[in-house]
Amino acid sequence: MTRAALLVLADGRFPAGGHAHSGGAEAAVRAGRITDAASLEAFCRGRLHTSGVVAACVAAAAALGVDPGELNRAADARTPSPALRVAARRLGRQLMRAARATWPSAELDALAALFPKGAHQPVVLGLAARAAGLGPLDAAYCSLYEGVSGPATAVVRLLGLDPFDATGVLARLSDEMDRVAQEAVETGERVVTDGVDVLPARSAPLLEIGAEAHAAWAVRLFAS
Amino acid sequence: MHLDHHLESSAAVSADARRADGSRRALRIGLGGPVGSGKTATVAALCRALREELSLAVVTNDIYTREDAEFLLREAVLPPERITAVETGACPHTAIRDDISANLEAVEDLEDEVGPLDLVLVESGGDNLTATFSRGLVDAQVFVIDVAGGDDIPRKGGPGVATADLLIVNKTDLAPYVGSDLARMAADAKAARGELPVVLQSLRSEGGVGEVADWVRGRIAAWTA
């Protein structure tokens, strides 16, 4: 494993389309649920322990070599909102392009052939980590960090929140991300032996509902 | 890691000249420039001028709406399936330069769904004078400014004005009303751009988009040669 490759994959500037997505933050800002750094932190913590942990478990399992088709179906089943499923596949497709160009691998080529319009982003992320010579813990960290850094960056743009405050939120979530990442790897290892049904199915109803409402807005800054 | 591995079968990664099935992809031309300079109007005029002779499609990058795509649809310059809008997360320049994945996807989907295409026009969201397209997304780029935005823009330069493959100075019909000196704009542009071409254009006058359409035809001829 190479630590520098982890930095490349986790970098917010890695060109995989994430900049156009707010991770539900735009809907939450409009609904008045995010107004400042404290409510951003609560929002990110909620994501971390719901959709965040599910995505991290899927990414860790994919990095451990679990069948991507099965993981994709499991991710579908754990994403009730059609708008979120569309966003997850679109981001997966964009990550697939960036990862194949960055770390060419037969596994990524096979995934692209199987899902030309995109698999769920965490599935692709896990395989991208493998291609980069990284492990399941790295994949879980990337997934969790993206899950909270996306909303934090978006809220800086949406509310004019002080960028130092937004970054402070991410720093304060570090210990929790460490714990959830470990949990995700343990779950990923269980998936290898017991199948995808042991993946958690935690969800945040307001994220799902907010995503459906957001997808219908005529005017929005972010794609999701 | 296997950095010596070559991409096979499945889709192109970015600017590859061939599509997955081995056929030549469409020429991609980007149009950028400040808000209100006439990018969408130029795209619409190009579609009208070229749609009989070329198979073409348009990708728009609005900042926060589908306004530009809807203008093109309303004007019926192309059938709706040939126009796609990309959402840019409040950063139009990122979507055409730093992270081009959503735009590449839109271009490739258009080729898959309505192709074969000769030409895809990629219109950026209205941005500032520093916005340029990645060479991974487009083969050539046009920068559109207008006389009403201030006749000092060519002198101020910047990557768009200085390096675009074609500079359009638009709305020349307005020059007398806004006190812009066209001769000075042309001379400043020449100084900033050397041999790169400049077109002074008014879509409301007789010549319209003709000169720019001819430039596009030249690009197409070079691409397919």
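The structure we're discussing is the one just above.
Residues numbered from 1 in each chain as written. Chains lettered and ligands numbered in written order. Predicted model: local features only at pLDDT ≥ 70, side-chain atom pairs only at ≥ 80, totals over all residues.

Points about the overall build of chain B
To be explicit about the condition: Helix numbers and strand numbers start at the N terminus; a helix is a DSSP run of H or I with at least 4 residues, a strand a run of E with at least 2. Note that the radius of gyration is over C-alpha atoms, with the globule rule given as 2.2 Å times the number of residues to the power 0.38. With C-beta atoms placed from the backbone, a residue is buried if 20 or more other C-beta atoms are within 10 Å of its own, exposed if 12 or fewer are, and partly exposed between those counts. Residue pairs are scored as contacts if the distance between their C-beta atoms, which are placed from the backbone, is within 7 Å.
Tallying secondary structure elements over chain B gives 9 helices and 7 strands in all. The C-alpha radius of gyration computed for chain B amounts to 17 Å, which stays within 12% of the reference 17 Å derived for 225 residues, consistent with globular compactness. In terms of principal-axis extent, the alpha carbons of chain B reach across some 60 × 40 × 40 Å. Across the 225 residues that make up chain B, the buried fraction comes to 47%. Looking at chain B alone, contacts between residues at least 24 apart form 75% of all its contacts between residues at least 6 apart.

What about the pairing of strand S3 (residues 83–87) of chain B?
Moving residue by residue along a regular strand, the side chains alternate between the two faces of the sheet. Residues and elements named next belong to chain B. Keep this limit in mind: Here, a strand pair is defined by DSSP locating no fewer than two bridges between the strands.
Among the 5 residues of S3, 5 are classified as buried, and the element is accordingly described as predominantly covered. Burial along S3 is two-sided: the face carrying Ile-83, Ala-85 and Glu-87 and the face carrying Thr-84 and Val-86 are both buried. As paired elements, strand S2 (residues 56–62) and S3 share 5 bridges and run parallel to each other. Bridging from a neighbouring strand, Asn-61 pairs with Val-86 of S3.

Some points on the nonpolar core
Across soluble globular proteins, nonpolar side chains show a tendency to be buried alongside one another. Residues and elements named next belong to chain A. As a reminder, the rule being used: One nonpolar core equals one set of buried Ala, Val, Leu, Ile, Met, Phe, Trp, Tyr and Cys residues connected by C-beta atoms within 7 Å.
Counting 135 residues, the largest nonpolar core has Ala-56, Val-58, Ala-59, Ala-128 and Ala-140 as the members making the most contacts within it. If you tally residues by element for this core, the top one is helix H3 (residues 37–63), at 16 residues. With residues up to four places along the chain from it excluded, the contact list for Ala-59 reads Pro-122, Leu-125, Gly-126, Ala-139, Ala-140, Cys-142 and Ser-143.

Notes on the packing of H3(A) against helix H4 (residues 68–77) of chain A
Residues and elements named next belong to chain A. Rules: Helix axes use the C-alpha atoms of the stretch in contact, all axes being lines fitted to C-alpha atoms, and the angles between their N-to-C directions lie in the range 0 to 180 degrees. Geometric relationships in this document are graded by angle, where less than 35 degrees denotes roughly parallel, more than 145 denotes roughly antiparallel, 65 to 115 denotes roughly perpendicular, and other angles denote oblique. Throughout this entry, Asp, Glu, Lys and Arg are counted as charged residues, while Ala, Val, Leu, Ile, Met, Phe, Trp, Tyr, Cys and Pro are counted as nonpolar. The remaining residues, Gly among them, count as polar.
Relative to each other, H3 and H4 sit at 175°, their axes nearing to 10 Å. As the angle between them shows, H3 and H4 are arranged roughly antiparallel. Residue-level inspection shows Val-58, Ala-61 and Ala-62 of H3 in contact with H4, the latter providing Pro-68, Leu-71, Ala-74 and Ala-75. For the contact of H3 with H4, the class distribution of residues is 7 nonpolar, no polar and no charged.

What to know about helix H7 (residues 121–131) of chain A
Residue and element names in this part refer to chain A. Counting buried residues along H7, 11 of its 11 residues qualify, which places the element largely inside the surrounding structure. Looking at the packing, one finds that the buried side of H7 touches helix H1 (3–10), H3, H4, helix H5 (82–102), helix H6 (106–114) and helix H8 (136–159). Within two residues after H7, Gly-133 carries a phi angle of roughly 80°, on the positive side.

Overview of the environment of Val124(A)
Residue and element names in this part refer to chain A. Secondary-structure assignment places Val-124 in helix H7. Val-124 sits 65 residues away from Ala-59 along the chain, and the two C-alpha atoms are 7.6 Å apart. If sequence neighbours within four positions are ignored, Val-124 has contacts with Gly-92, Leu-95, Met-96, Ala-99, Leu-111 and Ala-119.

Some words on the environment of Ala38(A)
For Ala38(A), the position within the fold is in helix H3. For the pair Ala38(A) and Ala166(A), spaced 128 residues apart in sequence, the C-alpha separation works out to 9.4 Å.

Examining H3(A)
An α-helical turn contains 3.6 residues, so a residue and the one three or four places further along point in the same direction. Residue and element names in this part refer to chain A. Which entries qualify depends on this criterion: To estimate the expected span of a helix, subtract one from its residue number and multiply by 1.5 Å. To get the bend at a residue, fit one axis to the 7 residues ending there and another to the 7 starting there, then take the angle between the axes.
Along its 27 residues, H3 runs just 33 Å from first to last C-alpha, ending more than 12% under the 39 Å computed at 1.5 Å per residue. In the structure, H3 departs most strongly from a straight axis at Gly-52, where the bend amounts to approximately 50°. Most of H3 sits out of view: 21 of its 27 residues are buried. Gly-65 lies just past H3 and shows a positive phi near 95°.

Looking at the sheet that holds S2(B)
Residue and element names in this part refer to chain B. The sheet built from 7 strands is open, its strands ordered S3-S2-S4-S1-S5-S6-S7 with parallel pairing. Edge positions in the open sheet fall to S3 and strand S7 (198–200), since each of these has one partner strand only. This sheet shows a mean twist of 20° between the axes of neighbouring strands, independent of strand direction. As judged from the 5 bridges shared by strand S5 (residues 140–146) and strand S6 (residues 166–170), these two strands associate in the parallel manner. Within S6, the residue paired with Val-142 across the bridge is Leu-166. Strand contacts of helix H4 (residues 101–114): strand S1 (27–32), S2, S3 and strand S4 (119–123), with the helix running at about 155° to S2, the strand carrying the most contacts. Contacts between helix H8 (residues 182–193) and the sheet are confined to S6 and S7, with S7 contributing the most and set at about 165° to the helix.

Re the packing of H1(A) against H8(A)
All names here are of chain A. What counts, and what does not: Crossing handedness is defined as follows: a turn of the near helix away from the far one that is anticlockwise and smaller than a right angle gives a left-handed crossing, while the clockwise case is right-handed.
Two elements in contact, H1 and H8, have axes whose closest approach is 10 Å; the angle formed by their N-to-C orientations is 25°. One way to sum up the angle between H1 and H8 is to call them roughly parallel. Between H1 and H8 lies a crossing of right-handed hand. Across from Leu-6, Leu-9 and Ala-10 in H1, the residues of H8 making contact are Asp-138, Tyr-141, Cys-142 and Tyr-145. Residue composition of the contact of H1 with H8, grouped by class: 6 nonpolar, no polar and 1 charged.

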